Structure formats: C-alpha cells, structure tokens
Protein chains: 2
Amino acid sequence: MAKEITPRTQDYAQWYNDLVLRAGLADYSAVRGCMIIKPYGFAIWERIRDALDGMFKETGHSNAYFPLFIPKSFFSREATHVDGFAKECAIVTHYRLRNGKDGGIEVDPEARLDEELIVRPTSETIIWNTYRDWIQSYRDLPLLINQWANVVRWEMRTRLFLRTTEFLWQEGHTAHATAEEAVEETRKMLEVYDRFAREWMSLPVIKGVKTEKERFAGAIDTYCIETLMQDGKALQAGTSHFLGQNFAKAFDVQFTGVDGEREFVWATSWGVSTRLMGALVMAHSDDDGLVLPPRLAPIQVTIIPIYKGSESQTALREAGARLEQELRSAGVRVQFDHDDNHRAGYKFAESELKGIPIRLALGMRDLEQGTIEVVRRDTREKMLMQQADLAPKIIHLLEAIQVNIYQKALDFRNENMHRADSWEEFERLLDRGGGFISAHWDGTSETEELIKERTKATIRCIPLDNPVESGHCILTGAPSRQRVLFARAY
Amino acid sequence: MAKEITPRTQDYAQWYNDLVLRAGLADYSAVRGCMIIKPYGFAIWERIRDALDGMFKETGHSNAYFPLFIPKSFFSREATHVDGFAKECAIVTHYRLRNGKDGGIEVDPEARLDEELIVRPTSETIIWNTYRDWIQSYRDLPLLINQWANVVRWEMRTRLFLRTTEFLWQEGHTAHATAEEAVEETRKMLEVYDRFAREWMSLPVIKGVKTEKERFAGAIDTYCIETLMQDGKALQAGTSHFLGQNFAKAFDVQFTGVDGEREFVWATSWGVSTRLMGALVMAHSDDDGLVLPPRLAPIQVTIIPIYKGSESQTALREAGARLEQELRSAGVRVQFDHDDNHRAGYKFAESELKGIPIRLALGMRDLEQGTIEVVRRDTREKMLMQQADLAPKIIHLLEAIQVNIYQKALDFRNENMHRADSWEEFERLLDRGGGFISAHWDGTSETEELIKERTKATIRCIPLDNPVESGHCILTGAPSRQRVLFARAY
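Reference entry: report on the structure contained in this document. Keep in mind that what you see is a predicted model, and the values were worked out from it rather than measured. (Residues numbered from 1 in each chain as written. Chains lettered and ligands numbered in written order. Predicted model: local features only at pLDDT ≥ 70, side-chain atom pairs only at ≥ 80, totals over all residues. Heavy atoms only, no water.)

## Overview of unusual backbone geometry
Glycine aside, residues mostly have negative phi angles, and peptide bonds mostly take the trans form.
Then step 1. With an omega of -10 degrees, the peptide bond running from L141 of chain A to P142 of chain A counts as cis.
Then step 2. Locating P142 of chain A in the fold gives a position in the loop between α4 (124–134) and β8 (143–152).
Then step 3. The backbone of K456 of chain A sits at a positive phi, close to 70 degrees, despite the residue not being glycine.
Then step 4. By the secondary structure assignment, K456 of chain A is in the loop between α13 (445–455) and β23 (457–463).
Then step 5. K456 of chain A gets classed as exposed once you look at its relative accessible area, which sits at 65%.
Then step 6. Of note in the backbone geometry, F161 of chain B takes a positive phi value of approximately 70 degrees without being a glycine. (Helix = DSSP H or I, 4+ residues; strand = E, 2+ residues; numbered from the N terminus. Buried < 20%, exposed > 50% of the residue type's maximum accessible area, 1.4 Å probe, protein only.)

Here it is as structure tokens:
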C-alpha cells in the first residue's frame, strides 16, 4: 500500500505535498526547483487552459508566441521592471558543448554569447520591443494578444505548483490608444479571472488593487484576485496590470492618432499560472484526497462493479458498459473501472484520492432491482438511484456538486473574514487561524513593511468595493481613509 | 501598399519568406534565430495541435510536462545521443544578475551553477531519468505520454518555421514491456502522422525508414514521413523512433515481468513541430498568397459586401450578417468583412493572401436576385449560387477544396517521382527540377556521404512498401537489393 496522506490538522504543508504526489498531479524532477506535471495533473491543467482560452477569445484576444529568450539589455530599459524581475533568473551564456577530457562533455569557452540571454521571467520587454514594429497608427489598436508559455524565475524555496522555478502560464499583453481603454481592459480581464475562478474552480475570490509595495514591477496599478486556503492563508490567484505608457516609452512604441499626432501607446498585461493548480487542491480537498469541481475534473464519474464470482463479472461488465455508454453520450466524462486486478475497496479509495466527483457502485442486487449506488465525493452522501434515465440525474448532481463546493468555500471564506481595530486584535486573529483581516493602515510602505516583519502578514489588496471609512492605522495610529485586507499568504 | 510577394519562379526562397511575413504567419525577433509566431500563424498551429492532440488521445496517450532544463551530465549517458544533440544548444550557467557599474545589469559571477543546465533540444534524457521512478513492474506498462513544448537547437542558418533556434513541437515518449510492442507503437504513430498529413494538411507523404546516417541519435530505427515541396525539394515532416533499450540502459529503467524477471524497458519517441507550418505554406501556396486546406484554415469563408453608396451599406450589412449567422450556425468558420475603410478589391487581395478557402461577394444585384458570388481560392473558379440553403452547399464545397488541394499535391508529387538507373541520369534529374529519385545504393554510409557531397541530395528514406529488386549502386556499381529514395531536402 502506498504511503498515507498526512492529515491536515497534523501538518497542512505536508498534507498538501503528500496529496499532490499521491494523486498523481506532479512530481519532483532532477532539476532543482523544476517540477514534472504528471498526466492526471496535466489533464486538469488542460481543462483550466481550455476554459480560460475560450474566455480570452470571446473577449477578442488572439494567441501568439514570442521567444523564450530575452536579450539582457532589454531588462535595463524599464527601470522598475529590472529590479522586480531580472535579478533571479536563468542566464544563457554559451551555445555549444564539446567533448571533455574525462569522457564527459563541457561548455565550449569559444562559444560565448556576445550578449547573454535571459530565459523569460515574463515577456513585457520582448513583446513591447516587437509592438514597435507592429503599431503605426490608431488603426493598429487595440492589439489584444495572449500567449501560453513556460517562464522561469529562479526560486530558492520551491513548492509543487505554488512556487517553482519553471512554471506554465498565460500572459496577455494588450496595446491601446487611450489610458481609459487600457484601464477598462485591465479590469475586464480581472472580471474574466473572477468569473473563471467562481464558475470553473468553485473558488470565491476578492477583487482588489495592490499597494505600491506589492505592485508588479513596471505597472501603474496591479489588480488581483485573492483567495483563501483551508489553513487560513491567502493565495494570489491572478493579476491584471495597467502598465500606463511605461513599456511604450522604454521601447519607443508610438502611434499616429486620428488627429495625426504621435503619442505613446497604453499597455496592460495579465496572467494566471499553474499556481491555480495549487489553489484548487488547497481550497477544496480533504484528508482522503482531492475534491475536484466537476467542470474541471478529467473524470467526473467512475463506475465500479462489485464482482462476486465469475458469473457476476459478465453480467456486471455488460451493465456497466451500457451505463458508461449512456453517460458518455450525454457528455459526461465517465470511466468504467472494470479491471479485476483490484478489489472494489481499493477502487473506492482511489476514486476518493483522485477527487472523482461521483462514484457509482454496481452489484448483482442492483442488476436485479434496476438500481445503482451513488456517492458524492464532496459530501460523501450515499444515494440509491434507479438506473432508468440515469444520465439527466447524474448531470443534475454534477451541477449541484459544482455549486456546493463553491458554497462551502464561500462559507469558509466568510467565516474567516475578520475586522481588527487594534494591534492586539490583529495579532490575536492571526494567531487564531488567520484568514483575511480588514484593518486600517496609514498608507505608507514603511508601515506595511513593519507589519510584515512582525507578523508575516501582508496587505493582499485594497478591495475594489471598499467603502470610505475614517479610522486609525492599527500599528501607528495615524489617520486612515479606508480599511485594507491583510493576510498571511502563499 | 505593402511590399509585393516575389514570384516563385523568380526566387522560391524569397517567395516563401515574403509570404510568411506578408500573410502574418510569423515575424523575425530581436533574438538571433528565434521567431515570433503571429496571431494568424498561431491560429493555424492551434488547429494543427488540436487535431493531432485528439489523435494522440484516441490512441491512448496522455499529456504531461517535463522540465525545460536538463542537467548537462544527462547527455553523456547515451553515447550516440550526445553527439547528435548536445553540441549546439543553449547553456544556462548562471542564475542571477546584478547592477553593473555603467547603470546596466551584468551576470553575477557569484551565482554560477555547479552543473550547467541545457535548454532541452529534445527530452529523452530527462524523461527516462523520470521513468526510472515511475516504472516498477509490467503493470506500469505501457506508459504512453506526450508533451507539447518548446525546444532549442542552436542553428546557424535559420529560416522561419523550417529551421529556427527555438521551435514548438510535440514529443511522444512511450515505454513498453517488449520490443515488438515498441515497434508496433513506433509504426502506429507513423500512421497517425501519415493520416494527419493527408486528412488535415492535404499533404501526401511517403512513409519510410531512415538510413543509419540519417537516424535519430540514440535510435535503433527512425521512421519518417517525407513530403515534396513545389520547388522539387523534399521536407521531413515527422519522425517516429524505435529506441530499443538504449535509454532504459542509460538511465537504468528496469521492470519486473510477469515471470518475476527484471528486464530493461523498451522505448519509442516521436515528434512533429512548427516545421509543419513551413511544409503547409510551401506545398500548396501560390504567388498571390497562401492556399490553406479548409480543415486547418482559421477562417474558411469570408463574406465581402460590394458597397455602392450608403443605402446599399445598410441592406448589404443586413444580408451579410444574416448569411454569416447561417454559416456559423452550420459550423463554418466565417467572417463578415463589413468594414468600410477598405475597398472590396483590397479585401479580395487580402483574402487571397490569407488563403481563405472561399470568398463570397455580395452586391445589390445579388440582393435583388437572391444570389451570391462564390470564388474558390484553390482553383479561383467563380460561381453564382442561390443564397437559399447556402450552408450545405458551402460545406460541400469546403470538402471538395480539401480533397482537391490534396489531389493537386499528389499529382505534383507523382509527376516528380523519378527512377534513375545511372549516375548521369541521377544528376540530370536533380538538375531538372529535383523531386524524389528512386535509385540503387550500395548500402554504405560512405557512398551516401559521397553522393551528398557531390549533389547535395540525401537519402530521404527507404520506403516501407519498397519491393526487393536486384541492381547496382548508381555511384559505385556495387550490388544493391533495393532502391532508396533520394532528394535534395529542407
């Protein structure tokens, strides 16, 4: 029997690692900080990708592909950007190996690049260098492009999906004629992320804007969606940046307006990554395995026959195959787990581990009575259904599960949404399970940094729907015009 | 007006470059040898990828994702492999930049990697290093995995899509319990490539096996599909390798068989890349632009209104929108090009450049008579159709175009399939337009190399359906048991 999963209450971080490995989502690789996304994990990621891709296309975006490598000098062009990104990155310095003396191979010192290449940590620079050639007049705007790609940020402490040196993501890069239009795009894509998180991942998120300290390097404003994990820590699930004219100025991208005047182009960029996989696992799963929202589950229904002797095998195989066919024709992603190498108990545990939303068990008695046993993964509720007209009932149940998982996460989030009006209260809340803490802050980066140093809590965002409210900073007592949202975070 | 496209007869290579740039398929980048795949080109690639991906899944394969970086030492493990691949590649030596004295940034010499990382040129080594942990017994086999990824091979002379330093591809990597099963897989995937080329790309291919000299570095046998371009040069469009136990031995991947014995695992790998985009362009297009097979065309039908005054605009917009809706509902990828900034003549030229398979033109007279003008991109044939019940007629025509493009390419290939029985004949055929030349060869790599040096022609493959036939090598006169297929190639 494979290693058990550590219970959440015992060690939440270990529970997460155990689960990711045991459920076949990802694996460690021979390259420090880089992970392998295993077939089951990748199947979930494909569903995330396809759903988002459809939403990007519906909102008028096209995909393209830009180079993996960025000339080093590009990073010096946008002053803030380089500090945020170019420091911890993979640097290509040579382009050839040769046979070494010891029978191995070595870097050929003759093959040194004149200018080093950076493996992209994000693509604003190479893309805006290209947009200079693509944009001449207002007729070329808006330019609405997205790319699905791998990126590399040299991380010292890595965790599967949550923080890896290489990860997969999408990065949208759009160009606009006016600031208003660019801001509108920035917020539109934040709405897309919000809707995706809610409708596909069953994740309630808080939409907000980052403080200056937490802003994307090179952005005027960074919008984000923040979500809460079961251990009370927050996780940033996606960001959308209004870049102003910073990159247009750095790469001299101007356009001729309707009035014939030359002006710098306005920019946005926005992205989500395989980090979403980590959020998905940590938000919904339990000590027995994954709990997947049906819309993202590679397998939505598993049919497990309860064999008793070889006669039952034939009959159950026929009945199971018929039900599988019926469900598949109705558009359900179903597997008939008829393999007789494993016992039903093992298969039950496996289906729980994999987070398959519905488990159907079929025994000889069911064949006689035209029934089937139905178990929901999310609530573990057990039901006996009539086999007749099964597909619509299953589809209805899948929808109910999708909604329930969302509601459960929303209830949890609401229960862990606190207000602190003093430093003592703030610290006490952090000690007692964390969650989001809404509190007054004096608006300075210094105070923000001090609070982080003392408590490890950071300002996750200033929520978009924040009311104006006079108050006093929980740390310094200085006047404040609104509350902001603090949390310890991934 | 944008730059004209160089005619094929004047300069085929220049025609190709002009077309790729003008049609918006790809662009040069600031990084030597790396290209940018533009939205229109990427939309075609997405269709290629999705079609292939569906075929891989139908044949039981799952996608996964392995790291971009491979430790240098991995390449020394399989002796042949390193010679073929690890020499010309991008090498990561450092992981941090720092601020330089001149205000720019420089590589931090303190941040040198203990072992250099190679940006993957292909992933056999990192994948087989992983398979060691994933495969214990025959129950874990076969392991059928594919990955869609970017790879880097440092090329000195590059051409958009055909040969670039970074390119996109898929690489299948499968593990089997027996040699027979692995060979079967190798050939099955060759069939998948053949079917894809035929049914989607309208490309007739020759299936064959490579000579030892042209074999993949580390393979026992390399199977390939070879196709002919309009200039009489061949292009290798895909390969499928039987790797024997080479990588299993290099990375110590063994399994326990049904009999309890430990044995090394048998392997295959197979891939196609964005090179297919180059093949697609060169096989079918003409001096006016792309000719795309309807199944891969991002836009299959364009509807162009012929405005005459503002009254006509309203009527034509209504009618065009109605037809667009009708075709879209029938599953046709259609655009209604109603923008009035450009004249119809410009739009006609653009639709030819983009290779849109069917162009519909709608004038006021058509509105009165219930007709529409239909022009095929492949034959330029012009027809007048009744608007009534248009969708099924258009769908039928798209199918006819798909078949016709294939037939045209097949006819061209057959006309350029020659036999040479003497050296003189061989050279004359190469001088007179190339094509595939079937000729006897003595079976030695030395002769193969000599022929290449003298003529630039290489052995593309030994066709799978090759008959046994006694003869004499065209160069050395030594005895030969079969003909092989020569061509100058991309």
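Moving on from the coordinates now.
## Digging into helix α9 (residues 344–353) of chain A
All names here are of chain A.
Then step 1. Within α9, burial applies to A344, K347, F348, S351, E352 and L353.
Then step 2. Buried residues belonging to α9 abut α1 (12–22), β16 (301–305) and β18 (358–362).
Then step 3. At the exit of α9 stands G355, carrying a positive phi of roughly 75 degrees. (Contact = heavy atoms within 4.5 Å.)

## Looking at the nonpolar core
Most often, soluble globular proteins keep nonpolar side chains buried together rather than apart.
Then step 1. If you look at the biggest cluster of nonpolar residues, it comprises 96 residues, and the most contacted ones within it are F69, W128 and Y131 of chain A together with F69, W128 and Y131 of chain B.
Then step 2. Among all residues touching W128 of chain A, those that are not within four sequence positions of it are T174, A175, F247, A248, F251, V253, V265, W266 and A267 of chain A.
Then step 3. L276, W423, F426 and A439 of chain B belong to the second-largest nonpolar core, a separate cluster that totals 77 residues. (Core = buried A, V, L, I, M, F, W, Y, C linked by side-chain atoms within 4.5 Å.)

## Quick look at the sheet that holds strand β17 (residues 301–305) of chain B
Sheet strands pair via backbone hydrogen bonds, and the direction of the pair is either parallel or antiparallel.
All names here are of chain B.
Then step 1. A sheet is described by the order of its strands in space; here five strands give the open sequence β18-β17-β19-β20-β21, paired in mixed fashion. Here the strands that pair on one side only, and so sit at the sheet edges, are β18 (334–336) and β21 (382–386). Across the sheet, the axes of successive neighbouring strands diverge by a mean angle of 25 degrees, strand direction being ignored.
Then step 2. Note that β17 and strand β19 (residues 358–362) share five bridges and pair parallel. Pairing of P305 across the sheet is with L362, part of β19.
Then step 3. Strands in contact with helix α8 (residues 309–329) are β17, β18, β19 and β20 (371–376); relative to β18, the strand with the most contacts, it is inclined by about 170 degrees. (Pairing = 2+ DSSP bridges. Axes fitted to C-alpha atoms, helices over the stretch in contact; angles between N-to-C directions.)

## Here we look at the relation of the copies chain B and chain A
Then step 1. If you rotate chain B by 180 degrees and push it 0.0 Å along the axis, it lands on chain A with an RMSD of 0.0 Å. In short, the pair behaves as if placed about a two-fold rotation axis. Closest approach to the rotation axis within chain B is made by the C-alpha atom of V92 of chain B, at a distance of 2.1 Å.
Then step 2. A shared interface surface links the copies, since 100% of the contact residues of chain B are contact residues in chain A too. (Least-squares fit on C-alpha atoms with pLDDT ≥ 70 in both.)

## Observations concerning the interface of chain B and chain A
Then step 1. Contacts between the two partners involve 64 residues from chain B, matched on the other side by 64 residues from chain A.
Then step 2. Interface of chain B and chain A: buried area, both sides summed, is about 5200 Å²; carbon and sulfur atoms make up 68% of it.
Then step 3. Remark: the boundary between chain B and chain A carries four salt bridges.
Then step 4. Where chain B meets chain A, there are 24 residue pairs in polar contact (both at pLDDT 80 or more).
Then step 5. Here the element with the most residues in the side of chain B that touches chain A is strand β5 (residues 88–94) of chain B; it accounts for seven residues.
Then step 6. Grouping the constituent residues of the side of chain B that touches chain A by class yields 38 nonpolar, eleven polar and 15 charged.
Then step 7. Bridge count between strand β5 (residues 91–99) of chain A and β5 of chain B: four bridges; the pairing is antiparallel. Bridging from a neighbouring strand, I91 of chain A pairs with H94 of chain B of β5 of chain B. (Buried area = accessible area lost by both parts, 1.4 Å probe. Salt bridge = Lys/Arg side-chain N within 4 Å of Asp/Glu carboxyl O. Polar contact = N/O pair within 3.5 Å; in protein donor to acceptor, adjacent residues only side chain to side chain. Nonpolar A, V, L, I, M, F, W, Y, C, P; charged D, E, K, R; others polar.)

## Some remarks on the packing of aromatic side chains
Then step 1. For the structure shown, the criterion picks out 31 aromatic pairs over all chains.
Then step 2. Both rings, one in Y12 of chain B and one in W15 of chain B, keep their centres 5.0 Å apart while their planes meet at 40 degrees; by these two values the pair is tilted. With Y12 of chain B and W15 of chain B both in helix α1 (residues 12–22) and three residues apart, the pair spans about one turn of that helix. Across this residue pair, the class does not change: Y12 of chain B and W15 of chain B are buried.
Then step 3. Through a chain of ring-to-ring contacts, the aromatic side chains of W45, F56, W148, Y193 and W270 of chain A assemble into a single cluster.
Then step 4. Stacked on the ring of W134 of chain B, the Lys or Arg K38 of chain A has its end atom at 4.6 Å from the ring centre.
Then step 5. A cation over an aromatic ring shows up here: K354 of chain B above the ring of Y40 of chain B, its NZ or CZ 4.4 Å from the ring centre. (Phe/Tyr/Trp six-rings, centres within 6.5 Å; stacked < 30°, edge-to-face > 60°. Lys NZ or Arg CZ within 6 Å of the ring centre and 35° of its normal.)

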